[in-house]
Amino acid sequence: MTVSRPWWQHSFRTLLSGIGVLLVMIGVWLGPPSQAQAISLNGNLVGPLDATMTMAYLPPGNAITDGRALLRNSLPIDNKAIRGIQSTLEGLSEWLRSKRWGPVAKDSAKVERLLGRDRETILAAIPDGKRAAAISYLDDLQSQLLPLNDAIALKDREAVWMIRSAMLDNVGRIEELMVTEFPFTVPEEYDNLPQLKGRATVEFVTNQGTMQAVVDGYSAPVTAGNFVDLVQRGFYDGMEFIRAEENYVLQTGDPAGPEEGFVNPKTKAYRAVPLEILVKGDDAPVYGTTLEDLGRYLDDPVLPFSAFGTLGMARPGDDPNGGSSQFFFFLFEPELTPAGLNLLDGRYSVFGYVVDNKEVLEQLGQGDRIESVRVVSGAENLVQPS
């Protein structure tokens, strides 16, 4: 498949210097966006977009740019006690960046109080069979407070970052234990497709290094299920990256031959995967249409394109339901593609985030290859069509 070069690549930095804010849409699959998908940078609309559309892409504030944090927030749970500990630990980042050690110490003390006060409330939300694991994670959190406070006393910012990260990992594990059932029913029309009823961790081995990603079936079960199924088939092993736009996307998944997606060897049929977007506040994902076409310009996806290493599903620009095997890594770069200012949200499915060794993505380009992909954990959550 020939992938044409998008119009914006030649003028990224010129446009940025002229306006300071970048609002750009990439047509991930067959080249440049149509006029209906573009916004001019001088405030004038291009194509049939309206003022409401423009409002959707105003800066939303401090967007979350960490994939692990986005995954924690997207879990289908409602436990204020553990969420309070999570938000307090995550809030340390603001104080650490500005080296405000007083608020850092204050928030550490708050976490200690919350752990003591809310321990039983947290454990009450854990199913009996998982309670022992939750107790272990809570004990680990408690034990991590001492080295955290020591690092704060020494004003050792790097050590605080590392301990905070480890504590948040424990928080995430506790939150995952709270999920007792799959949160919604996928429409029957997609019962012929693999579905991921939970999460899976996958490892990418490339010619430039190894990295891990978490694939989220709670938010995108059909898209994630299709991907995990193809990983288990070895579909991506040895596959090259066919498109590499600096500071924007890195795309792969185009098989050898005339087909642009996966063809089931048993049925000889092309597997088409629908656009799938879970919106914050909704009970189930939107299928088969963009949020723009629904007039939901201001709605935020649960899994946004705001983190370096976001996994997005490629599709033909004119067919929301034409995705298959091709996917891309979103290369969020603060200066060129600021979080909340891209136009991918609501138009392409997100199904996970790279969480370990993300720096490998910076080394990969067109012609590099995936040597292998394997499911490290969560394979049991894949449900094959009956």
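How each quantity is defined
Residues numbered from 1 in each chain as written. Predicted model: local features only at pLDDT ≥ 70, side-chain atom pairs only at ≥ 80, totals over all residues. Heavy atoms only, no water. Buried < 20%, exposed > 50% of the residue type's maximum accessible area, 1.4 Å probe, protein only. Helix = DSSP H or I, 4+ residues; strand = E, 2+ residues; numbered from the N terminus. Pairing = 2+ DSSP bridges. 1 Å grid on protein atoms, 1.4 Å probe; cavity = no way out; pocket = protein on both sides within 12 Å on 5 of 7 lines; lining within 4 Å. Points joined across faces, edges and corners; volume = space filled by probe spheres on them. Nonpolar A, V, L, I, M, F, W, Y, C, P; charged D, E, K, R; others polar. Salt bridge = Lys/Arg side-chain N within 4 Å of Asp/Glu carboxyl O. Core = buried A, V, L, I, M, F, W, Y, C linked by side-chain atoms within 4.5 Å. Contact = heavy atoms within 4.5 Å. Axes fitted to C-alpha atoms, helices over the stretch in contact; angles between N-to-C directions. Parallel < 35°, antiparallel > 145°, perpendicular 65-115°, else oblique. Left-handed = near helix turned anticlockwise from the far one by under 90°.

**Thoughts on the pairing of strand 5 (residues 249–252)**
And then number 1: Residues Val249 and Gln251 point to one face of strand 5 and Leu250 and Thr252 to the other, with burial holding for every one of them.
And then number 2: Both strand 4 (residues 239–245) and strand 5 contribute to a ladder of four bridges, which runs antiparallel. Among the inter-strand pairings, Phe241 is bridged to a residue of strand 5, identified as Thr252.
And then number 3: Between strand 4 and the antiparallel strand that follows it, strand 5, lie three residues; Asn247 among them carries a positive phi value of about 65°.
And then number 4: Across four bridges, the pairing between strand 5 and strand 9 (residues 327–330) is antiparallel. Within the sheet, the bridge partner assigned to Leu250 lies in strand 9 and is Phe329.

**Details of empty space enclosed by the protein**
Remark: the empty space left among the atoms is shown by a probe the size of a water molecule rolled over them.
And then number 1: Across all of its chains, the model carries three cavities of 30 Å³ or more by this definition.
And then number 2: Empty space within the largest cavity amounts to approximately 80 Å³.
And then number 3: Taken together, the residues of the lining of the largest cavity break down into nine nonpolar, two polar and two charged.

**Here's the deal with the layout of surface pockets**
And then number 1: By volume, the largest pocket amounts to about 840 Å³.
And then number 2: If you go around the largest pocket, you meet 23 residues; those closest to its centre are Asp66, Ser93, Arg97, Trp161 and Arg164.
And then number 3: Taken together, the elements giving at least two residues each to the lining of the largest pocket come down to helix 3 (67–74), helix 4 (80–97), helix 7 (157–177) and strand 10 (350–356).
And then number 4: In terms of residues, the lining of the largest pocket owes the most to one element, helix 7, which gives six residues.
And then number 5: Along the lines of polarity and charge, the residues of the lining of the largest pocket split into eight nonpolar, six polar and nine charged.

**Points about unusual backbone geometry**
And then number 1: Positioned with a positive phi, Lys155 is a non-glycine residue whose angle comes to about 55°.
And then number 2: Looking at the element boundaries, Lys155 is found in the loop between helix 6 (131–153) and helix 7.
And then number 3: A positive phi angle, close to 60°, is found at Asn357, a residue other than glycine.
And then number 4: Position of Asn357 relative to the elements: it lies in the loop between strand 10 and strand 11 (369–377).

**Regarding the pattern of salt bridges**
Close approach of charged atoms allows side chains of opposite charge to pair.
And then number 1: In total, this model carries 17 salt bridges according to the counting rule given.
And then number 2: Taking the shortest distance from any N to any O, the salt bridge between Glu203 and Arg374 comes out at 3.1 Å. Taken together, the residues Glu203 in strand 2 (residues 199–206) and Arg374 in strand 11 connect sequence positions 171 residues apart.
And then number 3: Note on Glu203: relative accessible area 17%, which makes it buried.
And then number 4: Across the salt bridge formed by Arg243 and Glu245, the nearest N and O atoms sit 3.2 Å from each other.

**Re the nonpolar core**
And then number 1: Counting residues in hydrophobic clusters, the biggest one holds 53 residues, and the most contacted among them are Phe204, Phe227, Tyr236, Phe327, Phe329, Phe351 and Leu361.
And then number 2: Leu361 has contacts with Met211, Leu250, Phe308, Gly309, Phe329, Leu331 and Val354, leaving out every residue within four places of it along the chain.
And then number 3: Among the nonpolar cores identified, the runner-up in size contains 42 residues, and Leu141, Ile163, Met178 and Leu193 belong to it.

**With respect to the pairing of strand 9**
And then number 1: Alternating residues of strand 9 divide into Phe327 and Phe329 and Phe328 and Phe330, and every residue in both groups is buried.
And then number 2: In this structure, strand 8 (residues 310–313) lies alongside strand 9, joined through four bridges in antiparallel fashion. Across the sheet, the residue bridging to Gly312 is Phe328, located in strand 9.

**Remarks on the side chain of Glu175**
And then number 1: In this structure, Glu175 sits in helix 7.
And then number 2: Among the residues examined, Glu175 registers a relative accessible area of 0% and is labelled buried.
And then number 3: The contacts of Glu175, once residues within four sequence positions are left out, are Arg72, Leu75, Ile77, Ile82, Arg83 and Gln86.

**Examining the packing of helix 4 against helix 7**
And then number 1: Remark: helix 4 packs on helix 7, axes separated minimally by 10 Å, with the N-to-C direction vectors making an angle of 160°. If you check the angle between helix 4 and helix 7, you find them roughly antiparallel. When you trace helix 4 past helix 7, the crossing you get is left-handed. Contacts from Ile82, Arg83, Ile85, Gln86, Leu89, Glu90, Leu92, Ser93, Leu96 and Arg97 in helix 4 reach Arg157, Val160, Trp161, Arg164, Met167, Leu168, Val171, Ile174 and Glu175 in helix 7.
And then number 2: Grouping the constituent residues of the contact of helix 4 with helix 7 by class yields 11 nonpolar, two polar and six charged.

**Describing the sheet that holds strand 11**
Sheet strands line up and pair through hydrogen bonds in the backbone, either parallel or antiparallel.
And then number 1: Pairing within the closed barrel is antiparallel, and its eight strands lie in the order 2-3-10-8-9-5-4-11. Pairs of neighbouring strands in the sheet enclose a mean axial angle of 35°, with direction left out of account.
And then number 2: Across two bridges, strand 4 lies against strand 11 in antiparallel orientation. Looking at strand 11, one finds that Glu240 is bridged to Arg369.
And then number 3: Taken strand by strand, helix 3 contacts strand 2, strand 3 (209–216) and strand 10, and its axis lies near 130° from that of strand 10.

**Examining the environment of Ala63**
And then number 1: Considering the arrangement of structural elements, one finds Ala63 in the loop between helix 2 (51–55) and helix 3.
And then number 2: Taking relative accessible area as the criterion, Ala63 reaches 29% and is therefore assigned partly exposed.
And then number 3: The sequence separation of Ala63 and Ala307 amounts to 244 residues, and the corresponding C-alpha distance is 9.3 Å.

Read these as spatial facts, not as claims about activity.
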